[in-house]
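Single-letter residue listing:
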Amino acid sequence: MSKPMGVSDEDNINLSGVQRKQVRSRSFRLLARLAMPQKKLFILTVALVLVSNAARVALPLLIALAIDWTLPQVREGNWSALGISGGAYIICAILAGVLLAWYINCAARISQAMLLDLRQQVFRHTQRLSLEFHENYTSGRIISRQTSDLETLRELLDQGVSELASSCVFVVFTLITIFALDWRSGLVLCIAAVPVTILFFWYQSRSEVLYRESRVVSAKVISTFVETMTGIRAVKAFRREVANDENYGDIAEKYRVNSVRSFNLFGILQPGLVLIGNLTVAALLAYGGFRILDGTLAVGVMVALLLAAKRVFQPVEQIAMFYSSLQSATAALEKVSGLLEEEPSVKEPLKPRSIDQVKGEIVFRDAVFGYGQGPIIMDRFDLKLEAGQTVAVVGQTGAGKSTLAKLISRFYDLRSGSLEIDSVPIQEISNTELREHVVMVTQEAFLFSGSVAENIALGNPTATLAEVQDAAKAVGAHEFILELPEGYDTDLNKRGGRVSAGQRQLISFARAFLADPAVLILDEATSSLDIPSERAVQRGLQQLLGNRTALIIAHRLSTVQIADRVLVVHDGKIIEDGTPEQLIADQGRFASLHKAWKDSLV
Ligand SMILES: Nc1ncnc2c1ncn2[C@@H]1O[C@H](COP(=O)(O)OP(=O)(O)OP(=O)(O)O)[C@@H](O)[C@H]1O
């Protein structure tokens, strides 16, 4: 089996034959997976479509019957004939209406259930994917998959599918009726199938690429918008408004051009079908007229034939409309199925190993790491962090400090070598257990919408309010929380807009304190704190660090003072390792950093 394509080559609109086959087959598999749970409802819907359309198709037949049989019978005084054909007509009309309503309801239930399933799958799956994927794919694209693509699919499933099924069945039944009434007229009608087929093929080949392009451009429109608004502070700070307007305008213009081209194509398909339909009816009329003059065709049959022929072309136009949304939805399904085909690069272990008595010893052996396919950041790296040790990591920007933290949190896996926590390889520990043992607090200190208490309780969802408050007290956050409008119940908006950056960090400290992990990582986590609050936090930190392994990545050397050991990282290697005092005495890189920091305080 060929390797899944996933989202690679997602922006390519001219797929090769093999790629096209692969993409189509994965879209179809996804659709089949979604439809499977709706099997029973699907069978019922098909039955309803068949019976309601049979009733609908019977109506012109009954008219033929009325003209050619009922009227002569009534003329001879046989009024029961009128009752029979009139009654049959009313029953068929009611049956067609009632079953149609039922069938629309069933079709809506199927499509809504499939969409709900797909929406949840996309959300769950995207959350499960590794950080590496998110860094490359960007949130704008994910939003586009979750909104615009699913919306396109919704349009198709909501109306398209039910109309298509009904239209196809109706066309088939009507054709059968026409053949039953007069097979010669049926053959005349079949000739029309040739130009109809050619027109559809022509439309299919042109629109496929256009609709694929439409998905790519629509994703760009959404992602450009999302990225601009997410970075709105930087946009304003650097006066990027005009440049962004132009960039967005260009992309939106591309989208407009693409949409116009799609409409133009459809604008040829639909009138083309109408034209073929009208010409066919005219041909039937001429042919039937001659046959009536010959006496080989009854007038009633001729009327029924014309009514039926006219009605064959109405659903064909609907099928054309469906076909257009099908093309668009197929392109959307290609993208969504690609996203769902992606596998997390950091995998859950098949047979997870548990750490019985977690101590928090961390050992890197011969570790080699680089991001994705990028250059090697850590080459044959060895490091042992004793359980309970507080280790500060310093080094110039880009040296690899955060990388170290992200590896211990298993946001990424090593290319080779090993990383163990308490002698258990990190990739053999389940994600849930790892999140309990290792907690990372970053500079970003992301707060979710919800109250302050809820945000702190994320560290331990079973904690009581008293425990939440104790955690806040320990890190020195209690006082400012009490000053908030509703104290611990204050609602924080998504980006923590109502609290300062430093306060946000203190809340995330409290969250980590409450989680009580064996290994704590603070990645630049004290950098937003002012000196007094930093002091308050130093005290809290010391209590927090107590008996756990801690890795502190800090630019502020004040944080380093509480460390048992300092690592100086340079180019992904440890170039100095010792207690702060030793390193100062050694007069190396740390000593000069320390001296510069001391001087800056004077
Ligand atoms: N997500 C990523 N994808 C690719 N390369 C990355 C990624 N993150 C970091 N790098 C690269 O890895 C190297 C180490 O980065 P890292 O973030 O670990 O440095 P750092 O020491 O924490 O720097 P800083 O003090 O500036 O935060 C850098 O060369 C950086 O460009």
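Residues numbered from 1 in each chain as written. Predicted model: local features only at pLDDT ≥ 70, side-chain atom pairs only at ≥ 80, totals over all residues.

**With respect to the packing of helix H7 (residues 193-230) against helix H9 (residues 241-294)**
Piece 1. Relative to each other, H7 and H9 sit at 160°, their axes nearing to 9 Å. As judged from the angle between their axes, H7 and H9 are roughly antiparallel. Crossing hand, H7 versus H9: left-handed.
Piece 2. Grouping the amino acids of the contact of H7 with H9 by side-chain chemistry returns 16 nonpolar, eleven polar and five charged. (Axes fitted to C-alpha atoms, helices over the stretch in contact; angles between N-to-C directions. Helix = DSSP H or I, 4+ residues; strand = E, 2+ residues; numbered from the N terminus. Parallel < 35°, antiparallel > 145°, perpendicular 65-115°, else oblique. Left-handed = near helix turned anticlockwise from the far one by under 90°. Nonpolar A, V, L, I, M, F, W, Y, C, P; charged D, E, K, R; others polar.)

**Here's the deal with the UniProt feature "transmembrane region" (unreviewed entry) in the protein**
Piece 1. According to UniProt, the positions carrying the feature "transmembrane region" (unreviewed entry) are residues 41-67, 79-104, 161-180, 186-203 and 263-286.
Piece 2. As annotated, residues 186-203 has a helix share of 94% and a strand share of 0%, and its two end C-alpha atoms lie 26 Å apart.
Piece 3. The span residues 263-286 is 100% helix and 0% strand, and its two end C-alpha atoms sit 35 Å from each other. (UniProt positions renumbered as here; feature names shortened; annotations may be inferred.)

**Re the pairing of strand E9 (residues 519-523)**
Across a regular strand the side chains alternate sides, sitting on one face of the sheet and then on the other.
Piece 1. Burial runs high along E9: five of the five residues are buried.
Piece 2. Side chains of E9 alternate between two faces, with Val519, Ile521 and Asp523 and Leu520 and Leu522 buried alike.
Piece 3. With five bridges joining them, strand E6 (residues 438-442) and E9 adopt parallel strand pairing. In the sheet register, Thr442 faces E9, and the bridge partner there is Asp523.
Piece 4. With five bridges joining them, E9 and strand E10 (residues 549-553) adopt parallel strand pairing. Note on E10: the bridge partner recorded for Leu520 is Ala550. (Buried ≥ 20, exposed ≤ 12 C-beta atoms within 10 Å, placed from the backbone. Pairing = 2+ DSSP bridges.)

**Here's the deal with the sheet that holds E6**
Piece 1. Pairing within the open sheet is mixed, and its six strands lie in the order E6-E9-E10-E3-E11-E12. The outermost strands of the open sheet, each flanked by one partner alone, are E6 and strand E12 (573-578). Mean inter-strand twist for the sheet, computed between neighbouring axes without regard to direction, equals 20°.
Piece 2. Packed on one face of the sheet, helix H16 (residues 501-515) meets E6 and E9 and runs near 175° to E6. (Contact = placed C-beta atoms within 7 Å.)

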